[in-house]
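Fold and geometry: a report
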Amino acid sequence: MKCKRLLISIFLVLFLINLGGGLFASSTKVKITFMSTKGEINPQLEEVFKNFSKDYPNITVELIPVGAGQSPFEKLSTMYASGNAPTIAMIDPNDVGKFKDNFLDLSNEKWTKDALKGVLDDVTFEGKVYAFPFALEGYGLIYNKQLIEKAVGKFDPNTIRTRFSLERLFKNLEAKKVTPVVISPLDWSLGAHFITIAYAAQSRDYQAVKKFIADLRAGKVDLVNNKVFNDLLDTFDMLRKYNYLKNSPLAGTYEQGAQLLAQDKVAFWFMGNWAWPLIEEVNPKNRDYGFVPVPLDNNPNNFFNRSIVALPTKMLCIDTKNNSKEQQEAAKTLLNWFVYNENGQKNWVYGLNIIAPFSNVKITPNDPLAKSIVEYAKAGRTFKIPYAILPSDHWPIIGAYMQKYLAGRMDRKQLLTEIMNYWTKAK
């Protein structure tokens, strides 16, 4: 009889573990650390972790923020060098492979089967999954529809399908005394987001894009005469012509960009959906925003003129070198809480304004930028940047070149030559 009761108890525990997506069974209090590289949501993350600990009282989560200007690679490298790696590291997709020997193999986790198609491709090595896709994000030109329509009348974002149509709108806005756009001169925005569109737009075939990058490394590509790079820079030249900061192009900040857009000082801002909390904070009354693509040329049938970037931009990885088995299990519990617990889903999606890259998570953030990305995704009008194969120093170095180009301190030939030189020396 006692054996029967014991078997029933064991069965119930196993059932609850499967039901909860990884129930943390230890009665010992465990503290885990979470390195965040999304500073704009750190206050919200703190609240989410408190809510998680209400569901799992034996687990506490300490947030470790990465300072502004420091890359995730640099921060994590420093922490490993000091023997104090975080339990969970939020890093960019291109850094996962560099640290994978320190990370837990997550291939057998249930959520790997529910992840959206393609989101695990760049973090899978030799058939093993080393990262959890934390956030599906997108970027392009954010528009303030209320301001545009107040100035020039009815605005249909689907009419912006060429550089010509975008500049025509800019001219109409300028005629009504509305500044068309602001370019925030951040190295990560210019080096990781803007110029990387030119890599992705080489082909709709991702394997062809990866080959293009390989050819760049081998010195086989002439960017000075590359059509896509020149098309994108033609668009960049047009944007800086109408830039709010054109008289002091390097003076802007991330916060200023959100303020200008939300306070009706500019109609467009090149940025991503991660900016929504800041936009909303500045002006909670206006929710009429969305994305238009960054057009490459004047061909209305060009797929890239009608599409925006959308991909998992941050990955969560669990350390095995400096964290105990119990800490690793607690970390897995947090990930499963996000995906399979109703409270966890709400905290993840609503609390952090995250688009969850999992098919079983049916809720979406209550913000217009996320909804705009979802609309593009449903229409099949998204593409991804090859972040996983970009070197860790790509955005600071190429971003610095882009800053010089933005400020007129480097001409196009110099810029493209520097990018080519960078790739032939890149690690």
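Residues numbered from 1 in each chain as written. Predicted model: local features only at pLDDT ≥ 70, side-chain atom pairs only at ≥ 80, totals over all residues. Heavy atoms only, no water.

1. Here we look at the overall build of the protein
Each helix and strand counted, the protein has 18 helices and 11 strands in total. Over its C-alpha atoms the protein spans a radius of gyration of 23 Å, differing by no more than 12% from the 22 Å that the globule rule assigns to 427 residues. With the C-alpha coordinates aligned to their principal axes, the bounding extent of the protein is approximately 85 × 50 × 35 Å. Counting across all 427 residues of the protein, residues that qualify as buried make up 57%. Restricting the contact set of the protein to residue pairs at least 6 apart, pairs at least 24 apart contribute 75%. (Helix = DSSP H or I, 4+ residues; strand = E, 2+ residues; numbered from the N terminus. Rg over C-alpha atoms; globule rule 2.2 N^0.38 Å. Buried < 20%, exposed > 50% of the residue type's maximum accessible area, 1.4 Å probe, protein only. Contact = heavy atoms within 4.5 Å.)

2. Quick word on the pattern of salt bridges
This model, assessed by the stated rule, comprises 19 salt bridges. Glu62 serves as the salt-bridge partner of Lys31, at 2.7 Å between the closest nitrogen and oxygen. Highlighted residues: Lys31 in strand β1 (residues 30–36) and Glu62 in strand β2 (residues 59–65), separated in sequence by 31 residues. By relative accessible area, which is 33% here, Glu62 ends up partly exposed. Among the salt bridges present, the one from Lys332 reaches Glu109, with a minimum N-O distance of 3.6 Å. Here Lys332 is found in helix α14 (residues 325–340), whereas its partner Glu109 is found in the loop between α4 (93–99) and α5 (111–114), with 223 residues between them in sequence. (Salt bridge = Lys/Arg side-chain N within 4 Å of Asp/Glu carboxyl O.)

3. Brief notes about the side chain of Arg381
Tracing the chain through its elements places Arg381 in the loop between α16 (368–378) and β11 (382–383). Salt bridges are absent for the buried Arg381, whose nearest opposite-charge side chain, Glu375, sits at 7.9 Å. Among the polar contacts listed, one links the side chain of Arg381 to the backbone oxygen of Arg306, at a separation of 2.7 Å. Residues in contact with Arg381, not counting those within four places in the same chain, are Asn158, Phe303, Arg306, Ser307, Ile308 and Tyr376. (Lys, Arg positive; Asp, Glu negative; His and termini not counted. Polar contact = N/O pair within 3.5 Å; in protein donor to acceptor, adjacent residues only side chain to side chain.)

4. A few points about helix α3 (residues 72–81)
Regarding α3, the residues found buried are Pro72, Lys75, Leu76, Met79 and Tyr80. Across the axial projection of α3, the buried residues extend over an arc of 130 degrees, all falling on one side. In this structure, the buried residues of α3 make contact with β1, β2, β3 (88–91), α4 and β10 (308–318). Count one or two residues on from α3 and you reach Gly83, which has phi positive near 70 degrees. (Arc of directions from axis to C-beta.)

5. Points about the packing of aromatic side chains
This structure, assessed with the given rule, holds 36 aromatic pairs. Ring geometry for Phe303 and Phe304: centres 5.3 Å apart, planes at 80 degrees, overall edge-to-face. For Phe303, a relative accessible area of 10% gives the class buried. We classify Phe304 as buried; its relative accessible area is 7%. Taken together through their ring pairs, the aromatic side chains of Phe34, Phe49, Phe52, Tyr56, Trp111, Phe132, Phe134, Trp337, Phe338, Trp348 and Phe358 make up a single cluster. Over the ring of Tyr340 we find Lys110; its NZ or CZ atom is 4.5 Å from the centre of that ring. (Phe/Tyr/Trp six-rings, centres within 6.5 Å; stacked < 30°, edge-to-face > 60°. Lys NZ or Arg CZ within 6 Å of the ring centre and 35° of its normal.)

6. Let's talk about the nonpolar core
Judged by nonpolar contacts, the single largest core of 91 residues is most densely connected at Phe268, Trp269, Ile279 and Ile419. No other element matches helix α11 (residues 227–241), which puts 7 residues into this core. Ignoring anything within four residues of it in the chain, the contact list for Trp269 reads Gly140, Leu141, Ile142, Val181, Val182, Ser184, Tyr254, Gly257, Ala258, Leu261, Ala275 and Ile279. Of all hydrophobic cores here, the second largest spans 58 residues; its members include Leu76, Phe99, Ile318 and Trp348. (Core = buried A, V, L, I, M, F, W, Y, C linked by side-chain atoms within 4.5 Å.)

7. Describing the environment of Glu126
By the secondary structure assignment, Glu126 is in the loop between β4 (124–125) and β5 (128–129). Note: C-alpha distance between Glu126 and Leu335 (209 residues apart in sequence) is 23 Å.

8. Observations concerning unusual backbone geometry
The backbone of Glu126 shows a phi angle near 50 degrees, a positive value even though the residue is not glycine. Of note in this structure, Asp264 is not a glycine but carries a positive phi near 65 degrees.

9. With respect to the pairing of β1
The element β1 is extensively covered by neighbouring structure, given that 6 of its 7 residues are classed as buried. Relative to β2, β1 runs parallel, the two being bridged by 7 bridges. Across the sheet, the residue bridging to Met35 is Ile64, located in β2. As paired elements, β1 and β3 share 2 bridges and run parallel to each other. Bridge pairing in β3 links Phe34 to Ile88. (Pairing = 2+ DSSP bridges.)

10. Observations regarding helix α18 (residues 412–425)
Over its 14 residues, α18 runs 20 Å from end to end, which matches the ideal 20 Å to within 8%, given 1.5 Å per residue. Within the span of α18, buried status applies to Arg412, Leu415, Leu416, Ile419, Met420, Tyr422 and Trp423. All buried residues of α18 lie within an arc of 155 degrees about the axis, which places them on one face of the element. Structural note: α18 exposes Lys413 and Lys425 on the side pointing more than 90 degrees away from its buried face. (Expected span 1.5 Å × (residues − 1).)

11. Looking at the confidence of the model for the protein
When the pLDDT values of the protein are averaged, the result is 92; 94% of them are 70 or greater. pLDDT under 50 marks residues 7–22. Its contacts with residues more than four places away, or in other chains, come to 9 contacts. (pLDDT = per-residue confidence, 0-100.)

12. Thoughts on the packing of α14 against helix α15 (residues 342–352)
Their axes nearest at 5 Å, the elements α14 and α15 cross at an angle of 85 degrees. With respect to each other, α14 and α15 are oriented roughly perpendicular. Two secondary-structure elements touch here, α14 through Trp337, Phe338, Val339 and Tyr340 and α15 through Glu342, Asn343, Gly344, Gln345, Asn347 and Trp348. Of the residues assigned to the contact of α14 with α15, the class counts are 5 nonpolar, 4 polar and 1 charged. (Axes fitted to C-alpha atoms, helices over the stretch in contact; angles between N-to-C directions. Parallel < 35°, antiparallel > 145°, perpendicular 65-115°, else oblique. Nonpolar A, V, L, I, M, F, W, Y, C, P; charged D, E, K, R; others polar.)

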